[in-house]
Amino acid sequence: MSFRLVLAALAVGAALASPLAAAAAAPCGNGSFDSWLADFKKEAAGKGISPNALAGLNGVTLDQSVLSRDHSQKVFSQTFEEFSSRMVPPRLTRGSNMMKQYGSVLSRIEESYGVPGEVLVAIWGLETDFGVNSGKFATLRSLATLAYDCRRADEFRGELMDALRIVDRGDLTPADMRGAWAGEIGQTQFMPSSWMKYAVDFDGNGRRDLLHNVPDVLASTANYLKNYGWQRGKDWQPGSPNFPVLQQWNKSEVYARTVAYFATQLAHAP
């Protein structure tokens, strides 16, 4: 599961609580969802999105369960000790096995991007249990719902546009595009905008597939971290040069510390 969107939602909550902000945001959800979606499709076509990709929006309806989840988010309040003790021990053995299974791939990724395999496997395990729980929500429906809603309309409008660009590029079909409720997709939970910027075709098969292709998943995660300033050969613990990069992956200090702790445990595993 991903915890990134919790913090993004909280950041805008106070602004939207005021009557003036609510009034300014009203046009995003003013009128029926179907009318809004028709207008969005016209805008997307004007920006070069193909009819094939736009067909993925045909029949899409508002997902009330996504709105309920978005509106009911609470502050992430667990301590590092609570969160890490719940998340790391059940994943340590499998994480160690993944280090061995993908050892040659991880070595090539570190050579290319400078990010150690331990860090990538730790993120992979925490985000989706190594790809087991990447989410079942229809991504285009989730993103359209959140773009129609007025809490973060501009943000999710952009994410929906990028999701359609992923389809246009041939990485995924609309039917393949399933993930977390807030639009994160893939085994390390990329938002579509991050997919467009950082996803790589590491195995050279012509597609960037972060849903099914483990080399692409791990290399794309490394590319993300590299682009946010990861320093080759440096430590990743709190206070080190690379810890702020982990906080770019997830703004929560507790989450970033848990990634660092998990990675260190993997580095010392037999």
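Residues numbered from 1 in each chain as written. Predicted model: local features only at pLDDT ≥ 70, side-chain atom pairs only at ≥ 80, totals over all residues. Heavy atoms only, no water.

1. Things to note about the pattern of salt bridges
Logical step 1: Counting across every chain of the model gives nine salt bridges.
Logical step 2: Between R152 and D70 there is a salt bridge, with its nearest N and O atoms 2.2 Å apart. Of this pair, R152 sits in the loop between helix 10 (139-148) and helix 11 (153-169) while D70 sits in helix 5 (residues 64-71); the two residues are 82 residues apart in sequence, bridging distant segments of the chain.
Logical step 3: R169 is paired through a salt bridge with D171; the nearest N and O atoms lie 2.9 Å apart.
Logical step 4: We classify D171 as buried; its relative accessible area is 1%. (Salt bridge = Lys/Arg side-chain N within 4 Å of Asp/Glu carboxyl O. Helix = DSSP H or I, 4+ residues; strand = E, 2+ residues; numbered from the N terminus. Buried < 20%, exposed > 50% of the residue type's maximum accessible area, 1.4 Å probe, protein only.)

2. Quick look at helix 7 (residues 89-101)
Logical step 1: Spanning 13 residues, helix 7 covers 19 Å between terminal C-alpha atoms, matching the ideal 18 Å at 1.5 Å per step.
Logical step 2: Those residues of helix 7 that fall on the buried side of the exposure criterion are R91, G95, S96, M98 and M99.
Logical step 3: Against helix 6 (80-87), helix 8 (103-113), helix 9 (117-128) and helix 15 (253-268) lie the buried residues of helix 7. (Expected span 1.5 Å × (residues − 1). Contact = heavy atoms within 4.5 Å.)

3. Structural notes on the packing of helix 8 against helix 9
Logical step 1: Running from N to C, helix 8 and helix 9 cross one another at 115°; their axes reach a closest spacing of 9 Å. Taken together, the axes of helix 8 and helix 9 lie roughly perpendicular to each other. Across the interface between the two elements, L106, I109 and E110 of helix 8 pack against G117, L120 and V121 of helix 9. (Axes fitted to C-alpha atoms, helices over the stretch in contact; angles between N-to-C directions. Parallel < 35°, antiparallel > 145°, perpendicular 65-115°, else oblique.)

4. Structural notes on the side chain of R91
Logical step 1: Turning to its location among the elements, R91 is positioned in helix 7.
Logical step 2: Polar side-chain contacts of R91 include one of 2.5 Å to the side chain of D129.
Logical step 3: Those residues in contact with R91 that sit more than four places away from it in its chain are R86, G125, L126, D129, F130 and F262. (Polar contact = N/O pair within 3.5 Å; in protein donor to acceptor, adjacent residues only side chain to side chain.)

5. With respect to the packing of aromatic side chains
Logical step 1: Evaluation of the coordinates by the stated rule reveals 15 aromatic pairs.
Logical step 2: Ring centres 5.1 Å apart and planes at 70° place the aromatic pair Y198 and Y224 in the edge-to-face group. One end of the pair, Y198, is in helix 12 (residues 192-198); the other, Y224, is in helix 13 (residues 214-227), and 26 residues separate them in sequence.
Logical step 3: On the basis of relative accessibility, which here comes to 6%, the residue Y224 falls in the buried class.
Logical step 4: Grouping aromatic residues by their ring pairs yields a cluster made of F190, Y198, Y224, Y228 and W249.
Logical step 5: One cation-aromatic arrangement involves R257 over F80; the distance from NZ or CZ to the ring centre is 4.0 Å. (Phe/Tyr/Trp six-rings, centres within 6.5 Å; stacked < 30°, edge-to-face > 60°. Lys NZ or Arg CZ within 6 Å of the ring centre and 35° of its normal.)

6. Examining the packing of helix 9 against helix 13
Logical step 1: Their axes nearest at 10 Å, the elements helix 9 and helix 13 cross at an angle of 110°. Considering the angle they form, helix 9 stands roughly perpendicular to helix 13. Two secondary-structure elements touch here, helix 9 through V119, L120, I123 and W124 and helix 13 through V214, L218, T221, A222 and L225.
Logical step 2: Considered class by class, the residues forming the contact of helix 9 with helix 13 number eight nonpolar, one polar and no charged. (Nonpolar A, V, L, I, M, F, W, Y, C, P; charged D, E, K, R; others polar.)

7. As for the confidence of the model for the protein chain
Logical step 1: Residues of the protein chain with pLDDT of at least 70 account for 89%, and the chain-wide mean is 90.
Logical step 2: For residues 5-26, every residue scores under 50 in pLDDT, and the model assigns this stretch 31 contacts once sequence neighbours within four places are set aside. (pLDDT = per-residue confidence, 0-100.)

8. A short note on the nonpolar core
Logical step 1: Formed by 79 residues in total, the largest nonpolar core has its most connected members in W36, L57, I109, V119, L164, L225 and L246.
Logical step 2: A per-element tally of this core places helix 15 first, with eight residues.
Logical step 3: With residues near it in sequence (within four places) discarded, W36 still touches C28, A144, A147, Y148, R157 and L160. (Core = buried A, V, L, I, M, F, W, Y, C linked by side-chain atoms within 4.5 Å.)

9. Comments concerning unusual backbone geometry
Logical step 1: Phi at F130 takes a positive value of approximately 60°, unusual for a residue other than glycine.
Logical step 2: Residue position: F130 is located in the loop between helix 9 and strand 1 (137-138).
Logical step 3: According to the relative accessible area criterion, F130 is buried, its value standing at 6%.
Logical step 4: Backbone geometry at Q189 places phi at a positive 60°, although glycine is not the residue there.
Logical step 5: We classify Q189 as buried; its relative accessible area is 1%.

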